[in-house]
Amino acid sequence: MKRRKLLKSLSVLPLAGTIGTLHAAPPKKRDVIKELGIRTFINAAGTLTYMSGCIMDEEVVATIEHTSGHFCMIDEVQDKVGEKIAQLVHSEAAMVTCGAFSAMTLGLAGVLTGNDVRKVEQLPHPAENGMKSEVICQKSHNERYNHAFLNTGCRVIEVETVEDLENAISEKTALLHFLNITANQGKIKHEEWIALGKKHNIPTSIDIAADVPPVSNLWKFNNMGFDMVFISGGKAIRGPQSAGILMGKKNIITAARLNAPPRGFTVARGHKVNKEEILGMYVALEKFVSADHDKEWKMWERKIAVIENAVKSIPGISTKITIPELGNITPTLTVAWDDKLIRLTGRQLRDKLRFGNPSIEAGFSGLPLYHYQAGSDSVDPAVAETLKGGNLIRLTAWMLQPGEEKIVADRLKEELTAASGS
Ligand SMILES: *Cc1c(COP(=O)(O)O)cnc(C)c1O
C-alpha cells in the first residue's frame with residue numbers, strides 16, 4: 001500500500017529516470033521466525049502471556065501497518081483515542097496503557113499525585129513526600145498482579161471482613177482494590193466494596209484483565225461505580241499483546257496521563273505505548289464491541305465438540321466441557337483418563353503434543369487455567385507436584401485458527417490411542 005502511494009506521488013514528478021528504478025522486484029518478505037528457528041504452534045491452551053497472548057485481529061494489524069508511516073503527537077493520539085474508548089465502555093475517560101498491569105500502576109500513580117507535577121517526580125516514594133501510600137484489598141484478591149501497585153511505592157494491606165477494612169482505613173489509604181476473577185472468594189462483594197469506598201471517600205478499582213467475554217463486562221463495572229477499571233488489550237479483545245486500557249474517572253485518568261509517557265521523570269516512563277498500538281488497541285476494542293459474540297461462542301463450542309468427539313469413545317477416557325465462572329470465560333474441554341488403561345501423565349501428553357508436528361500447546365495441569373499463566377513448569381515447588389499433570393489435559397478453542405480444531409482432534413486421538421496399547 002505504501003509502495004502504491006509512493007508510485008502515485010512519484011508519477012507526477014518529471015524525472016522518468018527515477019521511476020525506472022521502482023520497477024525492480026519488491027524486496028522478498030523476510031520470514032524472521034523461520035530464520036531464527038523459533039517454534040510456532042497451534043494454541044489450544046488459551047490467551048496466555050507466555051505464549052504471546054493472541055493473534056491480533058486483521059484490522060488491528062492493518063491499522064498498525066498504516067499508522068506506522070506517519071508522525072503524530074502522542075498526547076493527541078491518547079486524547080482522541082481515550083475519548084472514543086470512554087464512549088465505548090461508558091466511563092468518563094480512558095487511556096491506552098501497556099497492559100492491565102500498567103493500567104494498575106498508572107491509575108494508582110494518578111490517584112497519588114493528582115495534577116501535581118512535583119509529586120509525579122517524587123514517586124516511588126509517596127510516604128516520604130506526604131502522599132497516601134497504602135492500597136487495601138481482600139486477602140483472596142491479593143494475586144501477584146497487585147505487584148503493579150508496589151511500583152508506585154505503595155504497600156498492599158490485606159483484609160477479610162468489613163470490620164477489618166474499616167480498621168485498616170487511615171489517612172494513608174489511597175485505593176480500595178478488587179479482583180474480579182476471585183470475586184466469589186471474598187466476603188465483600190462488588191457493590192459493597194464500592195459503597196465502602198464512597199462512605200470513606202476513597203477511590204475504588206477493579207482488575208478485570210481477563211474477564212471478557214462477556215462483552216458487557218467492558219461497561220458493567222464502570223456503570224456499577226468503580227472509579228477505575230483495568231483490562232488487558234491482548235487477550236480476548238485481540239488487540240496488541242502489549243496494550244491494555246485504564247478507564248474511569250476523568251480526574252484520575254488526567255493525573256495518570258501525567259505519570260505516563262511521553263513524560264519522563266515518572267515511575268511509568270517504561271510503560272511506553274507507541275501510536276501504532278494505541279490506535280490498534282482502539283480498533284480492536286471497537287471491533288470487539290460490535291462483534292457477533294453469540295456466533296463466536298457457537299463457533300468455539302463447535303470446535304471444542306470436534307476435539308471431544310474424536311477422543312471420547314477411547315476406552316478409559318472421560319471428557320467434560322465446562323465454562324469458567326470468572327475469568328477466561330470460554331468453553332473449556334477437560335480430557336481425563338484412567339492411567340491403568342492409558343499409560344501417560346498429563347504432562348507427557350502435553351509434551352507429545354508440544355514436540356509433535358505441527359506443535360500444539362495444551363493446558364495440562366490440574367490447576368485452574370488462570371494459574372499456569374505463570375508459564376513455569378517447575379519453578380514454584382508448591383505447584384510442581386500438580387504440574388506433573390495428573391491424568392488430564394485442558395483445551396480451549398478460542399485461540400485456534402480456522403481448521404486447527406481438526407488437527408488438534410487428530411493428534412490427540414493419535415497419542416491417546418497409541419498410549420492405550422489397544
Ligand atoms: C493477565 C492479567 C493481568 C495482567 O494483564 P496484562 O495486560 O498482561 O498486563 C492482570 N490481572 C489479571 C487477573 C490477569 O489475568
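Figured I'd write up the structure that's included with this text. (Residues numbered from 1 in each chain as written. Predicted model: local features only at pLDDT ≥ 70, side-chain atom pairs only at ≥ 80, totals over all residues. Heavy atoms only, no water.)

## Considerations on the overall build of the protein chain
Here's step 1: Per the secondary structure count, the protein chain includes 17 helices and 12 strands.
Here's step 2: Scored against the burial criterion, the 422 residues of the protein chain give a buried share of 49%.
Here's step 3: Within the protein chain, contacts between residues at least 6 apart in sequence are counted, and of these 70% link residues at least 24 apart.
Here's step 4: Surface exposure of the protein chain reaches about 20,700 Å², of which carbon and sulfur atoms provide 55%. (Helix = DSSP H or I, 4+ residues; strand = E, 2+ residues; numbered from the N terminus. Buried < 20%, exposed > 50% of the residue type's maximum accessible area, 1.4 Å probe, protein only. Contact = heavy atoms within 4.5 Å. Areas by Shrake-Rupley, 256 points an atom, 1.4 Å probe, with all protein chains shown as cover.)

## Concerning the site of the ligand
Here's step 1: Around the ligand, a shell composed of 13 residues is seen, among which A100, F101, D207, S232 and K235 lie nearest.
Here's step 2: The contact in question runs from an oxygen atom of the ligand to an N or O atom on the side chain of K235, over 2.9 Å.
Here's step 3: Notes on the ligand: free accessible area 380 Å², of which the protein chains cover 91%.
Here's step 4: Classifying every residue of the shell around the ligand by side-chain character gives seven nonpolar, four polar and two charged. (Near = heavy atom within 4 Å. Polar contact = N/O pair within 3.5 Å; in protein donor to acceptor, adjacent residues only side chain to side chain. Nonpolar A, V, L, I, M, F, W, Y, C, P; charged D, E, K, R; others polar.)

## Looking at unusual backbone geometry
Here's step 1: Here L123 and P124 are connected by a cis peptide whose omega angle stands at 15°.
Here's step 2: Following the sequence through the fold, P124 ends up in the loop between α7 (117-122) and β3 (134-138).
Here's step 3: In this chain, V212 is followed by P213 through a cis amide linkage whose omega measures -5°.
Here's step 4: Positionally, P213 belongs in the loop between β6 (204-207) and α11 (217-224).
Here's step 5: In this model, N201 sits at a positive phi of 60°, which is unusual for a non-glycine residue.

## Notes on α11
Here's step 1: Buried within α11 are the following residues: N217, L218, F221 and N222. In an axial view of α11, the angular spread of the buried residues amounts to 135°, which keeps them on one side of the axis.
Here's step 2: The elements touched by buried residues of α11 are α5 (74-89), α10 (190-200), β6, β7 (228-232), β8 (244-248) and α13 (275-290).
Here's step 3: Just downstream of α11 lies G225, where phi reads positive at about 120°. (Arc of directions from axis to C-beta.)

## A look at the pairing of strand β5 (residues 173-179)
Here's step 1: Here β5 lies mainly inside the structure; seven of its seven residues are buried.
Here's step 2: Bridge count for β3 against β5 is four bridges, and the pairing is parallel. Counted as the bridge partner of I136 is L176 from β5.
Here's step 3: As paired elements, β5 and β6 share four bridges and run parallel to each other. (Pairing = 2+ DSSP bridges.)

## Observations concerning the environment of V111
Here's step 1: Within the secondary structure layout, V111 lies in helix α6 (residues 100-113).
Here's step 2: Assessed through its relative accessible area of 22%, V111 is described here as partly exposed.
Here's step 3: The sequence separation of V111 and T254 amounts to 143 residues, and the corresponding C-alpha distance is 9.9 Å.
Here's step 4: Setting aside chain neighbours within four positions, we find V111 in contact with A174, P203, M228 and I252.

## A word on the sheet that holds strand β9 (residues 317-322)
Each strand in a sheet pairs with another by means of backbone hydrogen bonds, the pair being arranged parallel or else antiparallel.
Here's step 1: What the three strands build is an open sheet, ordered β9-β10-β12; its pairing is antiparallel. What marks the edges here is a single partner per strand, and that holds for β9 and β12 (392-396). Strand after strand, the sheet turns through a mean of 20° between neighbouring axes, direction not considered.
Here's step 2: Bridge analysis of strand β10 (residues 332-337) against β12 gives five bridges, and the strand direction is antiparallel. The residue bridging A336 from the neighbouring strand is L392, located in β12.
Here's step 3: Where helix α14 (residues 293-311) meets the sheet, its contacts fall on β9, β10 and β12, and the angle it forms with β9 comes to roughly 165°.
Here's step 4: Here helix α15 (residues 346-354) sits on the sheet in contact with β10 and β12, set at roughly 45° to β12. (Axes fitted to C-alpha atoms, helices over the stretch in contact; angles between N-to-C directions.)

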